[in-house]
Amino acid sequence: MAIPSRPGNAATRDEPPVRDEPAARAGRGELAVFTWKVLIVAGVAALALFLWKISGTLLLIFTGVLFAILLQRLAGYVGRATGLGHGWSLAIVLVVLAALVGGGVWLMGTSMAAQVDQLQQQVGKAMGMLPDTWRQRIVDQGKEWPWMNQLSSFASGLVYIVGDGVVVMFAALYLAASPGVYKRGVVLLVPPRGQERATEVMEVAGDSLWKWLIGQLVAMALVGTMIGVGLWLLGIPSALALGMVAGLLEFIPLVGPFLAAVPALLIAFAQSPQDALWVAGLYLVIQQIEGNLVTPILQKQVVDLPPVVTIGAIAAGGVLFGIMGMFLATPIAVVVLVLVNLLYIEDKLGQRRHFPDPDA
């Protein structure tokens, strides 16, 4: 005997399950929010990777900006003193700087050429004082030295350095010649409501970088003077030229002082090994004074940059970007502090900024 099915059971099987529409909409909303978060994180990661890949180019452009600020401010002083336009004032600054650099290179080249023969004689005399076995070993190692590969590596590195220098030079010239064009271009990337604030931030950052440059130029002048006077007291030839070279290379942190000491040591060794030791001691003492006393105090007084920030920025820049990172670590730290103080401390927190000091 068949058991009749109950209408209620059939209706229950045939009806679709009842869905909670608000819960479904909430689930879809959460999924959309999560998807957007994932896309944003992926976009930020891709942008960070892209910036990391082109970090060398960005550092070169930033170097051009620094030199452009230097040229623009110097041209402004010349224009106010002479009444000339910006273009002529900039041309005068470029001619004077080229004359100073060219004069220093000429003095240095003349001094080095005059000391080459004497240096060769000193090296030959030192070789003659060595035992025969040592001298023969040095000659044999010189024959086995892969000098062609080393020379090729040095030449390729020199080509890259010259190319980077050309990029920086032209970037600085274009930026200094027409700074307003590039400022307006950057401002146009900001939404209209923030364009006035963006202009203010760029002005404050530019003033802070100029103050940092002033401190750096004063440190260069002090180091160049101390080196020149010290070498003159030691009786080293071409003390003026060597002092100029030391002052110019002082702009490159950590590496510049070692590069500046090389020609001085060669010229001193051409006179005697004892003079070379005295010169090495002189450079070591002056660089300790400059690195631990002069530069931190100057940066603190001129741009109010804490010394610990300067040291930490140089260390971090060297780890992340090598020599160029050390070269630009301090000015990048200046810009970062300006952005943090203006855009975060003032705009987001509503507090008074601490860097740069608005009352200074």
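Residues numbered from 1 in each chain as written. Predicted model: local features only at pLDDT ≥ 70, side-chain atom pairs only at ≥ 80, totals over all residues. Heavy atoms only, no water.

A. Up close: the overall build of the chain. Scanning the chain for helices and strands turns up 12 helices and 0 strands. The helix and strand sequence of the chain, counted from the amino end, reads α-α-α-α-α-α-α-α-α-α-α-α. Per-residue burial for the chain yields a buried fraction of 29% across its 360 residues. A separation threshold of at least 6 residues defines the contact pool for the chain, and within that pool the share at least 24 residues apart is 66%. (Helix = DSSP H or I, 4+ residues; strand = E, 2+ residues; numbered from the N terminus. Buried < 20%, exposed > 50% of the residue type's maximum accessible area, 1.4 Å probe, protein only. Contact = heavy atoms within 4.5 Å.)

B. Structural view of the layout of surface pockets. Volume-wise, the second largest pocket comes out at about 1200 Å³. Residue lining of the second largest pocket: 33 residues in total, with Val65, Val186, Met202, Ala205 and Val335 positioned closest to the centre. Within the residue set of the lining of the second largest pocket, elements represented by two or more residues are helix H2 (21-53), helix H3 (55-82), helix H7 (179-187), helix H8 (195-234) and helix H12 (307-346). Per element, the largest residue contribution to the lining of the second largest pocket is 10 residues, and it comes from H3. (1 Å grid on protein atoms, 1.4 Å probe; cavity = no way out; pocket = protein on both sides within 12 Å on 5 of 7 lines; lining within 4 Å. Points joined across faces, edges and corners; volume = space filled by probe spheres on them.)

C. Up close: the environment of Gln287. Examined against the element boundaries, Gln287 turns out to sit in helix H11 (residues 273-302). The exposure class assigned to Gln287 is buried, which follows from its relative accessible area of 16%. A sequence separation of 64 residues divides Gln287 from Val223, and the C-alpha atoms of the two residues are 8.0 Å apart. Setting aside residues up to four positions removed in sequence, Gln287 forms contacts with Val223, Glu250 and Pro257.

D. Representation of the pattern of salt bridges. Going through the model one piece at a time under the given rule, you end up with 6 salt bridges. Residues Glu203 and Lys183 are paired through a salt bridge, measuring 3.3 Å at the closest nitrogen-oxygen approach. One end of the pair, Glu203, is in helix H8; the other, Lys183, is in helix H7, with 20 residues separating them in the sequence. Assessed through its relative accessible area of 35%, Glu203 is described here as partly exposed. Among the residues examined, Lys183 registers a relative accessible area of 33% and is labelled partly exposed. (Salt bridge = Lys/Arg side-chain N within 4 Å of Asp/Glu carboxyl O.)

E. The arrangement of the nonpolar core in detail. Formed by 23 residues in total, the largest nonpolar core has its most connected members in Leu209 and Leu213. Of all the secondary structure elements, the ones that give two or more residues to this core are H3, H8 and H12. With 8 residues, H8 is the single largest residue contributor to this core. When neighbours within four sequence positions are excluded, Leu213 is seen to be in contact with Leu66, Ile69, Leu70 and Phe251. (Core = buried A, V, L, I, M, F, W, Y, C linked by side-chain atoms within 4.5 Å.)

F. Main features of the packing of aromatic side chains. Evaluation of the coordinates by the stated rule reveals 2 aromatic pairs. Ring geometry for Trp52 versus Phe321: centroids 5.6 Å apart, planes at 40°, classification tilted. A residue pair is termed long-range when its members are at least 10 positions apart, and Trp52 in helix H2 and Phe321 in helix H12 qualify at 269 residues. Owing to a relative accessible area of 47%, Trp52 belongs among the partly exposed residues under this scheme. Look at Tyr77 and Trp210: their rings are 6.1 Å apart centre to centre, the planes differ by 50°, and that puts the pair in the tilted class. Of this pair, Tyr77 sits in helix H3 while Trp210 sits in helix H8, and the two are 133 residues apart along the sequence. Judged by its relative accessible area of 42%, Tyr77 falls in the partly exposed class. (Phe/Tyr/Trp six-rings, centres within 6.5 Å; stacked < 30°, edge-to-face > 60°.)

G. Quick look at the environment of Gly317. Relative to the assigned elements, Gly317 resides in helix H12. Since its relative accessible area comes to 9%, Gly317 is described here as buried. Separated by 12 residues in sequence, Gly317 and Ala329 have C-alpha atoms that sit 5.3 Å apart. Contacts of Gly317, omitting those with residues within four sequence positions, involve Gly322, Gly325, Met326 and Ala329.

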